[in-house]
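A closer look at the structure
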Amino acid sequence: EIMDEYWSDPFNLHLVTGLGPTRNPFDDQPVLRNHALRNFRDLLHASAKSGAMVFYLDNFLNESVAPNENYARELMELHTLGVDGGYTETDVKEVARCFTGWSLRFPGDPGGAYGEFVFVPGIHDDLGKLVLGNPIAPGGGQTDGEQVLDMLVAHPSTASFIATKLCRRFISDSPPRSAIDAVAAAFTASNGDIKDCLRALFETPEFLDHADLKFTRPSEYLAALVRALAPDTPYPPANDQFLFFAQSILGQLPFYWATPDGYPDVQSYWASTGGMLNRWRLSFLSFAGIIPGVNVIQVDYTAMLNGADTLASVIDAIIDAVAMRPLSSVDRGIIMDWLKDEYAITEDQVLPSGVPEQVSALVAAVLVSSVYFHLR
């Protein structure tokens, strides 16, 4: 699931583009999910022939008499080489020529379903091309584009670009060069095997030391929220308005990023003032159960407490269940002092019936709003 979501950013498709629906669901399963842990070359080829991608990046408008450069540019900038990967504007134009004729089936076309990929020889530029210094012989037809895809997969800049993005996802916003080089070497040695790249990444000392270096994006935060507070929640729930509502206000609805670069993967975007306020509001509103018409998370505090009945034991039980790691003595003390004042009790005093659950809800709401929960 993590890798499926990961690839959905560099190979981003918005649900709707200027002319209508992109048929995104027809891309997610056969392209991203099917290749998420396989080989990058196969993923790239599948994406290039995805009807949804052909439509989204306008390659169905790419004809020899009027080449459209949208797919060619994003192919190199976002899917393979990276913006500083060594290609030129001339390369963009030549790659666009290679992909002329990579089009779609339209209503009434024989041999397939509407919206599927089809190569149309009559609108393909069959003359010779030169891409990244490599000649593409004339007369290649559809193989012109396939040669370009293989050329890009084998390029050193692609190995470095993919490695950088993987390390940014799993280590930190500014991953160290040593980790990037290790993953890039695995990419090159395995001809783009994604599992080999992940194994190399997870074996780096930088990954082992990556705790608290990565800010969770909304999808990850919400999954952690449900996992920590209500792990028995069925999926999909009978009424999933809460998940849709939450993803919407936090700004990461699936397939809803409008530009081809996908949702940002850096803290500076997600930890803005507005972004944090929305997370805090969502946390407290969901616990309070006052979001109109929305199912809230049903938390079993009795199970979390496991018999805890003093302020100190209740706080520690909820910290263990929700944060799953100890708080600093300073932060634990702040929570303790607040609740001692709130309930006018001592930390070792046995709480009246029902109060441990009330205290638990407050502690849990504070924890899921804290740095302990937002940093992975």
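Refer to the structure printed above.
Residues numbered from 1 in each chain as written. Predicted model: local features only at pLDDT ≥ 70, side-chain atom pairs only at ≥ 80, totals over all residues. Heavy atoms only, no water.

**Some remarks on the overall build of the chain**
When its secondary structure is counted, the chain shows 20 helices and six strands. Projected onto its principal axes, the C-alpha positions of the chain cover 85 × 50 × 30 Å. Every one of the 376 residues in the chain was classed for burial, and the buried ones make up 51%. Carbon and sulfur atoms make up 58% of the accessible area of the chain, which amounts to about 17,400 Å² in all. Averaged over its 25 positive side-chain charges, the chain has a centre that lies 3 Å from the centre of its 47 negative ones. (Helix = DSSP H or I, 4+ residues; strand = E, 2+ residues; numbered from the N terminus. Buried < 20%, exposed > 50% of the residue type's maximum accessible area, 1.4 Å probe, protein only. Areas by Shrake-Rupley, 256 points an atom, 1.4 Å probe, with all protein chains shown as cover. Lys, Arg positive; Asp, Glu negative; His and termini not counted. Charge placed at Lys NZ, Arg CZ, Asp CG, Glu CD.)

**A short note on the environment of L75**
Within the secondary structure, L75 sits in helix α5 (residues 70-79). Separated by 64 residues in sequence, L75 and F11 place their C-alpha atoms 9.0 Å apart. Residues in contact with L75, not counting those within four places in the same chain, are L44, T80, V95, F99, V148, L149 and L152. (Contact = heavy atoms within 4.5 Å.)

**Notes on unusual backbone geometry**
Of note, the phi angle at L132 is positive, near 55 degrees, even though the residue is not glycine. Locating L132 in the fold gives a position in the loop between β5 (129-131) and β6 (134-136). Positive phi outside glycine occurs at N306, with the angle close to 50 degrees. The residue N306 is located in the loop between α16 (301-305) and α17 (311-323) in this model.

**Thoughts on the environment of R217**
Here R217 shows up in the loop between α11 (205-208) and α12 (218-229). A residue is classified by how much of its surface remains accessible, and R217, at 2% relative accessible area, is buried. For the pair R217 and V266, spaced 49 residues apart in sequence, the C-alpha separation works out to 8.5 Å. Excluding residues that lie within four positions of it along the chain, R217 makes contacts with E5, D9, R169, Q252, Y263, P264, D265, W270 and R279. Within polar-contact distance, the side chain of R217 engages the side chain of D9 at 2.9 Å. (Polar contact = N/O pair within 3.5 Å; in protein donor to acceptor, adjacent residues only side chain to side chain.)

**Side note on the nonpolar core**
Most often, soluble globular proteins have nonpolar side chains that are buried together. The biggest cluster of nonpolar side chains holds 61 residues, and the ones touching the most others in it are M3, W7, F40, L75, F99 and L166. Looking at this core, the element that brings in the most residues is helix α8 (residues 156-170), giving seven residues. The contact partners of F99, leaving out residues within four places of it in the chain, are N59, N62, Y71, L75, G145, V148 and L149. Core analysis: the second largest hydrophobic core is formed by 37 residues, V359, A364, Y372 and F373 among them. (Core = buried A, V, L, I, M, F, W, Y, C linked by side-chain atoms within 4.5 Å.)

**Details of the packing of aromatic side chains**
This structure, assessed with the given rule, holds 17 aromatic pairs. Between the aromatic rings of F55 and F60, the centroid separation amounts to 5.3 Å while the plane-to-plane angle is 25 degrees, which identifies the pairing as stacked. Judged by its relative accessible area of 15%, F55 is buried. Ring centres of Y269 and W270 lie 4.8 Å apart, and the angle between their planes is 85 degrees; on these two criteria the pair is classed as edge-to-face. Aromatic rings pair up to connect Y6, W7, F11, F40 and F187 into one cluster. Over the aromatic face of Y221 sits the side chain of R279, whose NZ or CZ is 4.9 Å from the ring centroid. (Phe/Tyr/Trp six-rings, centres within 6.5 Å; stacked < 30°, edge-to-face > 60°. Lys NZ or Arg CZ within 6 Å of the ring centre and 35° of its normal.)

Read these as spatial facts, not as claims about activity.
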